Amino acid sequence: MSYIKEKFKVKADELSTEVKDLLKNHGSKVIGDVTIAQAYQGMRGITGLVTETSLLDANEGIRFRGYSIPELRDNLPKAVGGAEPLPEGLFYLMLMGELPTEADVQHLSSVWARRSHVPNHVFDAIEALPITTHPMTMFNVGIMALQTESLFAKAYAEGINKKDYWSYMYEDSMNLIARLPRVAAYIYRRKYKNGQHIQPDGLLDWGSNFAHMLGYDDEGFKELMRLYMTIHADHEGGNVSAHTTHLVGSALSDAYQSFAAGMNGLAGPLHGLANQEVIRWILAMQEELGGGTPTKEQIEKYVRKTLADGKVVPGYGHAVLRKTDPRFTAQMEFAKKHLPEDELVKIVWMVYDVVPGVLTELGKAKNPWPNVDAHSGALLVHYGMVEYEFYTVLFGVSRALGVLASLCWDRALGLSIERPKSVTTEWMKNFVEGK
Ligand code: FAM
């Protein structure tokens, strides 16, 4: 057993004991009430899930095992000559609950490089789809084709003890994370680069090898990928992709099946697809105005038109956050350092100056501030990745780090199959009338 796996097992046994005590001594304590509005309106504010890897504060933003994004950028190990955290380190932090050493991160880089082989039938499955297929559909077909490799599914079919589920989930999660960049890069090169594929470089770290296979060997893009893979990884447990992965996983579906389910949620425009929608929205605005950099007045007019047409302004608002997303701020800082004169980035910043005021004035959106998706596309365009339909796949590769670390914990803690109670509107009416 690898030392990381052994260490995880020790931590998992400790927490399992604590959870058993918590349930035995306080299991019936009430942690919240549920209103009728919450039942109809996306269960917002209901505390009903346990996710160890990260915790979101409405005003401060996400903390991974207690570390904010600026703290991660300071404290996680970096590549030689790099300034952004290595995503391997964030995975270690989320899994283990403590910061990794340089050696831990190097170990994960080499384990994932060793496990990155993708069988040919996965590429064949992707090739069977029309070239016009959305990259997120190709991505999910690729993930599902990889399911043939699930060690958990194989072991379960042969018959295993419940106590060992975590071990197979751990192996499947490590293998899936190792393989995803290759699958994603294959899709990118197939759809946009005439199928001219690039072989992995086993000496590179996970994020920069991904950049390399996508066809971007620029050091700036590699740094961007490391930052991108770090900040998109996790956002506590209730968001659609994390919750779906956890929910499907609770049926003992394996890591591939659970993650694919989560990715179908990420593909929705109110969730991960918003990153492509932001760039599409800015390009449409530029086209309508005849190109070039719009003025703030023109942006404001376009925002009002978007809202009047009954559409959302992509990249703005959030179900839980109530301030500017620190993931937006981290990308803004990256842009100020590496590409302060970029035209599209400047438009993103002007949009940031305009949208919160308009949304606040209209008073409908509970959070008028930008989320992670408002900035990411402009950075990718700067380095030449203009194919915005692909952006959510990048988000998905990163999200694997958080939701798969969480699935390892779900199995280690032996969490139950998820099955909340639902009622009908008839039931609600009877309840209100006291029947
Ligand atoms: N533009 C226009 N209207 C908005 C809005 C926006 N950016 N954000 C919220 N609203 C509206 C919302 O549609 C709702 O209108 P109705 O009452 O007519 O349904 C009203 O304001 C109240 O919504 P809320 O309570 O403030 O937001 P929700 O919690 O219901 O929804 C979001 C949260 C993120 C789905 C919503 O803000 C939105 O649609 N934003 C644009 C899409 C986006 O950027 N999604 C990415 C979220 C991101 F962080 C991620 O998952 N990657």
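Residues numbered from 1 in each chain as written. Predicted model: local features only at pLDDT ≥ 70, side-chain atom pairs only at ≥ 80, totals over all residues.

A.B. asks: Even after reading the chapter, I still don't get the overall build of the protein chain, so can you show me in this structure?
C.D. replies: A count of helices and strands for the protein chain gives 20 helices and 3 strands. In terms of overall size, the protein chain behaves like a compact globule, its C-alpha atoms giving a radius of gyration of 22 Å where 435 residues would be expected to give roughly 22 Å. Its C-alpha atoms give the protein chain principal-axis dimensions of about 65 × 65 × 45 Å. The proportion of buried residues among the 435 residues of the protein chain is 45%. Restricting the contact set of the protein chain to residue pairs at least 6 apart, pairs at least 24 apart contribute 73%. (Helix = DSSP H or I, 4+ residues; strand = E, 2+ residues; numbered from the N terminus. Rg over C-alpha atoms; globule rule 2.2 N^0.38 Å. Buried ≥ 20, exposed ≤ 12 C-beta atoms within 10 Å, placed from the backbone. Contact = placed C-beta atoms within 7 Å.)

A.B. asks: Would you mind going over the confidence of the model for the protein chain with me for this structure?
C.D. replies: Low pLDDT means the predicted coordinates in that region are not meant to be read closely. When pLDDT is averaged across the protein chain, the result is 97; 100% of the residues are at 70 or more. In the predicted complex, the global pTM is 0.97; the interface-specific ipTM is 0.99. (pLDDT = per-residue confidence, 0-100.)

A.B. asks: Any chance you could explain the packing of helix α15 (residues 296-308) against helix α17 (residues 343-362) here in plain terms?
C.D. replies: Geometrically, a packed helix pair is captured by the angle between its two axes and the distance between the axes. Between α15 and α17, the least distance of the axes is 9 Å, while the angle of their chain directions is 45 degrees. As far as their axial angle goes, α17 and α15 are oblique. The interaxial crossing formed by α15 with α17 has right-handed handedness. Between α15 and α17, the contacting residues are Lys296, Ile299, Glu300, Val303, Arg304 and Leu307 on the first element and Met350, Val351, Asp353, Val354, Val355, Val358 and Leu362 on the second. Considered class by class, the residues forming the contact of α15 with α17 number 9 nonpolar, no polar and 4 charged. (Axes fitted to C-alpha atoms, helices over the stretch in contact; angles between N-to-C directions. Parallel < 35°, antiparallel > 145°, perpendicular 65-115°, else oblique. Left-handed = near helix turned anticlockwise from the far one by under 90°. Nonpolar A, V, L, I, M, F, W, Y, C, P; charged D, E, K, R; others polar.)

A.B. asks: It is not clear to me how the sheet that holds strand β2 (residues 61-64) should be interpreted in this structure. Could you clarify?
C.D. replies: By definition, the strands of a sheet pair up through backbone hydrogen bonds, in either a parallel or an antiparallel sense. Here we have 3 strands laid out as an open sheet, ordered β1-β2-β3, and antiparallel in their pairing. Since the sheet does not close on itself, it has two edges, and those belong to β1 (54-57) and β3 (67-68), each with one partner. Pairing of β1 with β2 involves 4 bridges; the strand directions are antiparallel. Residue pairing for β2: Asp57 is matched across the bridge by Gly61. (Pairing = 2+ DSSP bridges.)

A.B. asks: What exactly am I supposed to notice about the pairing of β2 here?
C.D. replies: Along any regular strand the residues' side chains alternate between the sheet's two faces. In this antiparallel pair of consecutive strands, β1 and β2, the connection spans 3 residues. Here 2 bridges tie β2 to β3, and the two strands are oriented antiparallel to one another. For Phe64, the partnering residue across the bridge sits in β3 and is Tyr67. In this structure, the hairpin formed by β2 and β3 is closed by a connection of 2 residues, where Arg65 is found at a positive phi of approximately 50 degrees.

A.B. asks: Got a minute to help me understand the environment of Leu49 in this structure?
C.D. replies: With respect to the helices, strands and loops of the structure, Leu49 is situated in the loop between α2 (36-40) and β1. Through-space distance from the C-alpha of Leu49 to that of Tyr388 is 33 Å; in sequence the pair is 339 residues apart. Excluding anything up to four places from it in sequence, Leu49 contacts Gly237, Gly238 and His243.

A.B. asks: How do you make sense of the site of the ligand when you look at a structure like this?
C.D. replies: Near the ligand, the surroundings consist of 21 residues, among which Ala274, Gly317, Ala365, Lys366 and Asn371 are the closest. Tallied by class, residues from the shell around the ligand come to 10 nonpolar, 8 polar and 3 charged. (Near = placed C-beta within 6 Å.)

A.B. asks: Just to check I follow, could you spell out α15 for this structure?
C.D. replies: Residues spaced three or four apart along an α-helix point in a common direction, a consequence of the helix completing one turn every 3.6 residues. Helix length check: α15, at 13 residues, gives a terminal C-alpha distance of 18 Å against a target of 18 Å (1.5 Å per residue), a fit within 8%. Listed as buried for α15 are Ile299, Tyr302 and Val303. Looking down the long axis of α15, one finds its buried residues gathered within 105 degrees of arc, a one-sided arrangement. Of the exposed residues in α15, those oriented more than 90 degrees away from the buried face are Glu297, Lys305 and Ala308. Taken together, the buried residues of α15 touch α14 (274-288) and α17. (Expected span 1.5 Å × (residues − 1). Arc of directions from axis to C-beta.)

A.B. asks: Looking at this model, I keep getting lost on helix α20 (residues 425-432). Mind explaining?
C.D. replies: In terms of burial, α20 is largely open, as just 0 of its 8 residues are buried. Positive phi shows up at Gly434, right after α20, with a value of about 75 degrees.

A.B. asks: What should I look at first to understand the environment of Lys336 in this one?
C.D. replies: Within the secondary structure, Lys336 is located in helix α16 (residues 326-338). C-alpha of Lys336 to C-alpha of Lys346: the two residues are 10 residues apart in sequence and 10.0 Å apart in space.

A.B. asks: Help me understand the packing of helix α7 (residues 135-146) against helix α19 (residues 391-412), please; the structure alone is not making it clear to me.
C.D. replies: Between α7 and α19, the shortest axis-to-axis distance is 8 Å and the interhelical angle comes to 35 degrees. Pair α7 / α19 crosses with right-handed handedness. Contact residues: Pro135, Met136 and Phe139 in α7; Thr392, Val393 and Gly396 in α19. Here the contact of α7 with α19 is built from residues that sort into 4 nonpolar, 2 polar and no charged.

A.B. asks: Sorry if this is basic, but what is going on with unusual backbone geometry here?
C.D. replies: With the exception of glycine, most residues fall at negative phi, and the peptide bonds are largely trans. Positive phi, close to 50 degrees, is recorded for Arg65, a residue that is not glycine. On the secondary structure map, Arg65 appears in the loop between β2 and β3. Positive phi, normally seen in glycine, also occurs at Asn194, with a value near 55 degrees. With respect to the helices and strands, the residue Asn194 is situated in the loop between α9 (165-192) and α10 (206-214).

A.B. asks: What is the right way to look at the environment of Arg226 in this model?
C.D. replies: One can find Arg226 in helix α11 (residues 219-231). Judged by local crowding, Arg226 falls into the buried class, with 28 C-beta atoms found within 10 Å. For the pair Arg226 and Gly292, spaced 66 residues apart in the sequence, the C-alpha separation amounts to 30 Å. Not counting chain neighbours up to four residues away, the residues in contact with Arg226 comprise Ala79, Gly82, Glu84, Pro85, Leu86, Pro87, Gly207 and Ser208.

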